[in-house]
Amino acid sequence: MANEAFVDSIVNEIIEPGIQRLMESRYFSELREGKLSVRRLQGWSLQHYLHNVVLLKGFALCMVKNAHDSRLFNHFSYQFEEERTHPDLAKRFGLALGLGEEDFADATPVFGCLVHTSRMIHGMLLGSPAENRVGALVDESMVRRYSGEFNTYARKHYGLGDDACEFFTVHMVADEEHTAQASEVIARMAETPREQQLVREAAQHTVRLKLGKFESIYESYA
């Protein structure tokens, strides 16, 4: 129970305020108003496609790293399978907005997105199991919330339909389960004050970098 209360404090004190700041950012304020440029929507698609490709590689390496622990191995195997289609779903959104396959083949990460993805991989490969799952708890909580914004306003203002918006309809549902799984691992593994300090710092960093990711997309794709 004490560890569950600790995870709740991470959500309430760090993640939820971060989500609120993200929703108040100029990216999502303009999306809700229908004033966000198509290029900035395309930018999300390109950058999130690259991010998801890297995450798949990270999950594969996590399976190898934790092959001695069947519970963790099975957790990462499941996460890999859950995420397997997500690069293509992110790409589909961009294709519906006028991008071509060559745009994805030629894309490189912009600075804020590179730093955010690097933090996620750092936690996956160098962190403890509890630190590892902080990225999932933070990132997927934020993705679940902003998927609702994209799903509503990409349809309302930009004329997109079910096929183009499937990434968002999937994440509005699936990430609720994924965050619950991440919470369970953190509560089980973050047993010492030192481990909890690392979890709290990782959550703070990941929130800041997620906010920076969207600022970087906004600045890089006018």
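Structure: above.
Residues numbered from 1 in each chain as written. Predicted model: local features only at pLDDT ≥ 70, side-chain atom pairs only at ≥ 80, totals over all residues. Heavy atoms only, no water.

## Observations regarding the environment of tyrosine 218
Link 1 in the chain: Along the chain, tyrosine 218 turns up in helix H10 (residues 193–220).
Link 2 in the chain: In the structure, tyrosine 218 is positioned 192 residues away from arginine 26 in sequence and 8.2 Å away in space, judged by C-alpha atoms.
Link 3 in the chain: Each residue touching tyrosine 218, except ones within four places of it in the same chain, is listed here: Arg26, Tyr27, Glu30, Leu36 and Arg40. (Helix = DSSP H or I, 4+ residues; strand = E, 2+ residues; numbered from the N terminus. Contact = heavy atoms within 4.5 Å.)

## A short note on the state of the cysteines
Link 1 in the chain: In this structure the tally under the stated criterion is 0 disulfides.
Link 2 in the chain: The cysteine cysteine 113 is free of any disulfide, with cysteine 165 supplying the nearest cysteine sulfur at 20 Å.
Link 3 in the chain: Take cysteine 165: its relative accessible area is 0%, and that puts it in the buried class. (Disulfide = S-S within 2.5 Å. Buried < 20%, exposed > 50% of the residue type's maximum accessible area, 1.4 Å probe, protein only.)

## Observations regarding empty space enclosed by the protein
Link 1 in the chain: Applying the stated criterion across every chain, the model contains 1 cavity of 30 Å³ or more.
Link 2 in the chain: Each pocket or cavity is described by its volume, and for the largest cavity that value is around 220 Å³.
Link 3 in the chain: As for the largest cavity, its lining consists of 25 residues, of which Leu55, Met120, Gly135, Ala136 and Asp139 are closest to the centre.
Link 4 in the chain: Residue assignment for the lining of the largest cavity shows that the elements contributing at least two residues are helix H3 (38–65), helix H7 (111–126), helix H8 (129–158), helix H9 (166–189) and H10.
Link 5 in the chain: Looking at the lining of the largest cavity residue by residue, the classes come out as 9 nonpolar, 9 polar and 7 charged. (1 Å grid on protein atoms, 1.4 Å probe; cavity = no way out; pocket = protein on both sides within 12 Å on 5 of 7 lines; lining within 4 Å. Points joined across faces, edges and corners; volume = space filled by probe spheres on them. Nonpolar A, V, L, I, M, F, W, Y, C, P; charged D, E, K, R; others polar.)

## Re the packing of helix H2 (residues 26–33) against H10
Link 1 in the chain: H10 packs onto H2 with a crossing angle of 65 degrees between their chain directions and a minimal axis gap of 9 Å. Counting all contacts with H2, which are made through Arg26, Tyr27, Phe28 and Glu30, the residues of H10 involved are Phe214, Glu215, Ile217, Tyr218 and Glu219.
Link 2 in the chain: Within the contact of H2 with H10, the residues separate by chemical class into 5 nonpolar, no polar and 4 charged. (Axes fitted to C-alpha atoms, helices over the stretch in contact; angles between N-to-C directions.)

## Thoughts on the nonpolar core
Link 1 in the chain: Among the nonpolar cores identified, the biggest contains 56 residues, and Tyr27, Phe28, Leu41, Trp44, Phe93, Tyr146 and Phe150 are the most heavily contacted of them.
Link 2 in the chain: Secondary structure elements with two or more residues in this core: helix H1 (2–23), H2, H3, helix H5 (86–96), H8, H9 and H10.
Link 3 in the chain: Among the nonpolar cores identified, the runner-up in size contains 9 residues, and Phe59, Cys62, Met63 and Met120 belong to it. (Core = buried A, V, L, I, M, F, W, Y, C linked by side-chain atoms within 4.5 Å.)

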